[in-house]
Amino acid sequence: MSLRMKSPMPDLDGATDWINADQPDVKELIGNPTLIYFWSVSCDVCHNNIPKLEEWRQKYIPQGLQMVSIHSPRQKADLFEDKVREVKKEYQITEPLAVDNRHVLLKAFQNEFFPAFFLYDSEGKLMRRASGNTGISLLAPILERYLKSKEEPPTPEA
């Protein structure tokens, strides 16, 4: 079973380690849209998507987007944190990065796919989830519409 739309963001407790920052508090993420994405060092499709995520950093973080990266191993060789740190450095991943070697976060998000993307609104409710090679591209127009709706001033009442 997967998380339903409008489900609240699960807690981020249970990671083996956090890189780049301490574990974010979900309550502190509320207030801005948040992208939480899962990847694995052995996933070629994940590696293909990381440059697209860099585009999101450049374009959407200035508009208020927050990002959290979660590495979950797909195989035994993925358990080595030094490999995660190498990928982080190679692709300049700057957001909080969870190492989820025990799959605690994978289970909390009811995720089975790599890469997987979970887009939350500023209230911490799931707006959309997507996975695979085109997952991040499918979320871009949704995020753009959401950010635009937040920029528009409220219409005056008559």
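What comes next is a walk through the structure. (Residues numbered from 1 in each chain as written. Predicted model: local features only at pLDDT ≥ 70, side-chain atom pairs only at ≥ 80, totals over all residues. Heavy atoms only, no water.)

1. What about the sheet that holds strand E2 (residues 34-39)?
Judged by pairing direction, the sheet is mixed, and its 6 strands sit side by side in the order E1-E4-E3-E2-E5-E6 without closing on themselves. Two strands close off the open sheet at either side, each with one partner strand: strand E1 (17-19) and strand E6 (126-131). Ignoring which end each strand starts from, the neighbouring axes of this sheet average 20° apart. Inspection of the sheet shows E1 paired to strand E4 (residues 97-99) by 3 bridges, in the antiparallel sense. In the sheet register, Trp18 faces E4, and the bridge partner there is Ala98. Strands in contact with helix H3 (residues 81-90) are E1, E2, strand E3 (66-71) and E4; relative to E1, the strand with the most contacts, it is inclined by about 20°. (Pairing = 2+ DSSP bridges. Helix = DSSP H or I, 4+ residues; strand = E, 2+ residues; numbered from the N terminus. Axes fitted to C-alpha atoms, helices over the stretch in contact; angles between N-to-C directions. Contact = heavy atoms within 4.5 Å.)

2. With respect to the pairing of E6
Regular strands place their side chains on alternate faces of the sheet. Where strand E5 (residues 116-120) lies against E6, 5 bridges are found, and the strand directions are antiparallel. Paired with Phe117 across the bridge in E6 is Ala130. If you look at the hairpin formed by E5 and E6, you'll find 5 residues sitting between the two strands, and Gly124 has a positive phi there, around 80°.

3. Focus on the side chain of Glu95
The residue Glu95 is located in the loop between H3 and E4 in this model. On the basis of relative accessibility, which here comes to 4%, the residue Glu95 falls in the buried class. Reaching out from Glu95, the side chain makes a polar contact with the side chain of Tyr37 at a distance of 2.3 Å. (Buried < 20%, exposed > 50% of the residue type's maximum accessible area, 1.4 Å probe, protein only. Polar contact = N/O pair within 3.5 Å; in protein donor to acceptor, adjacent residues only side chain to side chain.)

4. Description of a negative patch on the surface
There is a patch of like negative charges on the surface, built from Asp11, Asp13, Asp25 and Glu28. Residue classification places Asp13 among the partly exposed positions, given a relative accessible area of 46%. (Patch = residues over 30% accessible without salt bridge, like charges linked within 9 Å, V, L, I, M, F, W, Y side chains within 5 Å. Areas by Shrake-Rupley, 256 points an atom, 1.4 Å probe, with all protein chains shown as cover. Salt bridge = Lys/Arg side-chain N within 4 Å of Asp/Glu carboxyl O. Lys, Arg positive; Asp, Glu negative; His and termini not counted. Charge placed at Lys NZ, Arg CZ, Asp CG, Glu CD.)

5. Quick word on the nonpolar core
Membership of the largest hydrophobic core comes to 49 residues, with the highest contact counts inside it found for Leu35, Ile36, Phe38, Trp39, Trp56, Phe109 and Phe118. Of the residues forming this core, the biggest block, 7 residues, is contributed by helix H5 (residues 135-151). Among residues more than four places away in sequence, those in contact with Phe109 are Leu3, Pro10, Leu12, Ile36, Phe38, Ile70, Phe118, Tyr120 and Arg129. (Core = buried A, V, L, I, M, F, W, Y, C linked by side-chain atoms within 4.5 Å.)

6. Things to note about the environment of Ile136
Of note, Ile136 is situated in helix H5. Taking relative accessible area as the criterion, Ile136 reaches 1% and is therefore assigned buried. Sequence-distant contacts of Ile136, defined by excluding residues within four places in its chain, comprise Leu35, Asn49, Lys52, Leu53, Trp56 and Phe117.

7. Topic: the pairing of E2
In terms of burial, E2 is largely enclosed, as 6 of its 6 residues are buried. Once you follow E2 into helix H2 (residues 44-60) and on to E3, the crossover reads as right-handed. Both E2 and E5 contribute to a ladder of 5 bridges, which runs antiparallel. Bridging from a neighbouring strand, Thr34 pairs with Tyr120 of E5. (Right-handed = clockwise from strand over helix to strand, strands pointing away.)

8. Looking at the packing of H2 against H5
How two helices pack is summed up by the angle between their axes together with the distance between the axes. Where H2 meets H5, the closest approach of the two axes is 11 Å, and the angle between their N-to-C directions is 10°. Judged by the inter-axis angle, H2 sits roughly parallel to H5. Touching Asn49, Lys52, Leu53, Trp56, Lys59 and Tyr60 of H2 are Ile136, Ser137, Leu139, Ala140, Leu143, Glu144 and Leu147, all from H5. Its residues placed into classes, the contact of H2 with H5 shows 8 nonpolar, 2 polar and 3 charged. (Parallel < 35°, antiparallel > 145°, perpendicular 65-115°, else oblique. Nonpolar A, V, L, I, M, F, W, Y, C, P; charged D, E, K, R; others polar.)

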